[in-house]
Structures are given as C-alpha cells and as structure tokens.
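If you want the building blocks of each chain, they are given just below.
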Amino acid sequence: MTFLGTVEEIWRYPVSSLGGEQLASIHVREHGIQGDRCWAIVDTQSGEAAAPEKQERWRPALFLNSRLNGEATEIGFPDGTWINASRSVISARLSDHFGFDVTARPYRSDDPAASSDVKTAENRYDPSPLHLVTTSALDHLATLLGQDAVQTRRFRPTLLLRTSGEAEFREKSWIGHELQIGAGLVARATEETKRCGMTLIAQPGIPENADILRTVLRHNRRNFGLYASIETAGTISVGDEVHLRKS
C-alpha cells in the first residue's frame, strides 16, 4: 500500500445546501455517513428543493447551518437559534430568512417503514457516499488564483485529507483504486467531482469569488476532488492514516 496522508477534517451536512458540522470521528456505512444530506429546504408552493448554484434567491442558504442533535436534524440561524427541522415553526423562520415561502422536508425514502403522511422532497442529484478533497489540491488552486489559501467549505467535502509533496490535483490518479482510511474503512475512488456555482457563493467568513469556478474549469475541466463508494464500512477519526491500495 502507498501512504497518501491523514484525515484532516470530517464533515456532515444534514440539510443539503446549508452549512454542516465538523466531526472528530464518525462511522461510515455502505451508503455513507448517517444523517448526511437527508433533509432539504424547499419552496413551499412548488416543492422544489433549494438550488443556490442556479438561483440567487436561494443563496441565503449558505448563511444557515445544520447539525444532528441525537437523531433530530436541526437548522441553525444567524442569531444563534437552533430549531428542529420537523417542527412546524421552522417554516416561518425559513420564510423570514429567505423572503418567500420556504419549509424543510426530509428526502424521499425507500424505507417501507417510513411514514407516508410526511411530505418529502425529491433529491436533485444522486449523492455519493464519500466526497474527498486534498490539501494538495487546495494549495494548487490557491497558487493558480494568486492567493494564500482556499477554504475547504467552498467544496463541502465529507473528508479533507492532509497530503504532502507537490501541490497538484493529484486525486485523479486514484480513480479506480481502493483507499484504506483508518483501520477499517475501505473506499473505492470512482470519479472526479464536477463543480458548480456553489463554489463561488459567499458564506460566513468567505466572500463571493467567481474566479474559483473559472480556474477549476480552465485548469481541470471543472473537476475538483473525487467521489468514492464504500467497499467496507468502518469508523474513521481525524488523524487516521490514508493508504492507496493498487487494484
């Protein structure tokens, strides 16, 4: 096996398009991290899920946060208030934040035990179990942009890997191979991650910067980071070593 680096950050995003929570350790199942991207905010009238990368009216989503409190998904507001996404009051708070009628709904579930009485949202994309970004890629992008650093949060990865050596978009060379992460988790790198307008949108502590997406498009065909499927479930923690297993 080839040593690639270590786990620098672990993230979970309980509500799509909202900020997420940084974790020290988590169990990753076959379908990914439990509670990750299980809810959406939607237009109450049309039922369409938020699309900040396409519609400016949804951009305030990046100034909200989400987390799991036990088994409950909660949404955090700029004033520091956290509200359970399943409570009826959430609609009024979201509508006030966005300026039009908005509510929160869980994504449609294939679980036969799921209640049919609960309104659900239809996912706009097929989420990957694992989304990886490396510090080498972030450093390379910062160099191309002519700035000191690029924030991880622009790319919303599940894992940020601390890698050493030359700054480059090195993840592409891992496609098709297995990654051993920590003692138990085995993931297979499946494809590079195509980027959209989410990367350039302003969020707390991060200004809007259209050059982010332009540079990724110009130098790496709109790809940044990679997706991976889960071969063997396992628990991972910050500091775990990551190794490449050549197939």
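I will try to describe carefully the structure that is included in this document. (Residues numbered from 1 in each chain as written. Predicted model: local features only at pLDDT ≥ 70, side-chain atom pairs only at ≥ 80, totals over all residues. Heavy atoms only, no water.)

1. Some remarks on the pairing of strand β1 (residues 2-12)
As paired elements, β1 and strand β16 (residues 241-245) share four bridges and run antiparallel to each other. Residue pairing across strands places Phe 3 opposite His 243, the latter belonging to β16. Here β1 runs beside strand β11 (residues 159-162); their pairing, made up of four bridges, is antiparallel. The partner of Ile 10 across the bridge, within β11, is Leu 159. Looking at chain direction, β1 and strand β2 (residues 21-23) are connected through three bridges and run antiparallel. Within β2, the position partnered with Arg 12 by the bridge is Glu 21. (Pairing = 2+ DSSP bridges. Helix = DSSP H or I, 4+ residues; strand = E, 2+ residues; numbered from the N terminus.)

2. What to know about the side chain of Glu 178
The residue Glu 178 is located in strand β12 (residues 178-181) in this model. Residue class for Glu 178 comes out buried when judged on its relative accessible area of 14%. (Buried < 20%, exposed > 50% of the residue type's maximum accessible area, 1.4 Å probe, protein only.)

3. Some details on the pairing of strand β10 (residues 130-134)
Summarising burial for β10: five of the five residues are buried, a large majority. Every second residue of β10 is oriented toward a common face, with Leu 130, Leu 132 and Thr 134 on one face and His 131 and Val 133 on the other, all of them buried. Two elements, β10 and strand β14 (residues 223-232), share three bridges in a ladder whose sense is antiparallel. Within β14, the residue paired with Leu 132 across the bridge is Leu 226. At this point the chain moves from β10, through helix α2 (residues 135-145), to the parallel β11, and the crossover so formed is right-handed. (Right-handed = clockwise from strand over helix to strand, strands pointing away.)

4. Side note on the pattern of salt bridges
Considering all chains together, one arrives at 13 salt bridges under this definition. Put simply, Glu 208 and Arg 59 hold a salt bridge, and the shortest N to O gap is 3.5 Å. One end of the pair, Glu 208, is in the loop between β13 (185-194) and α3 (211-220); the other, Arg 59, is in the loop between β5 (39-43) and β6 (65-69), with 149 residues separating them in the sequence. Where Glu 74 meets Arg 67, a salt bridge forms, and the shortest distance between an N and an O atom there is 2.7 Å. What makes Glu 74 buried here is its relative accessible area of 11%. Taken together, the shared-partner salt bridges connect Glu 178, Arg 188, Glu 231 and Arg 245 into one network. (Salt bridge = Lys/Arg side-chain N within 4 Å of Asp/Glu carboxyl O.)

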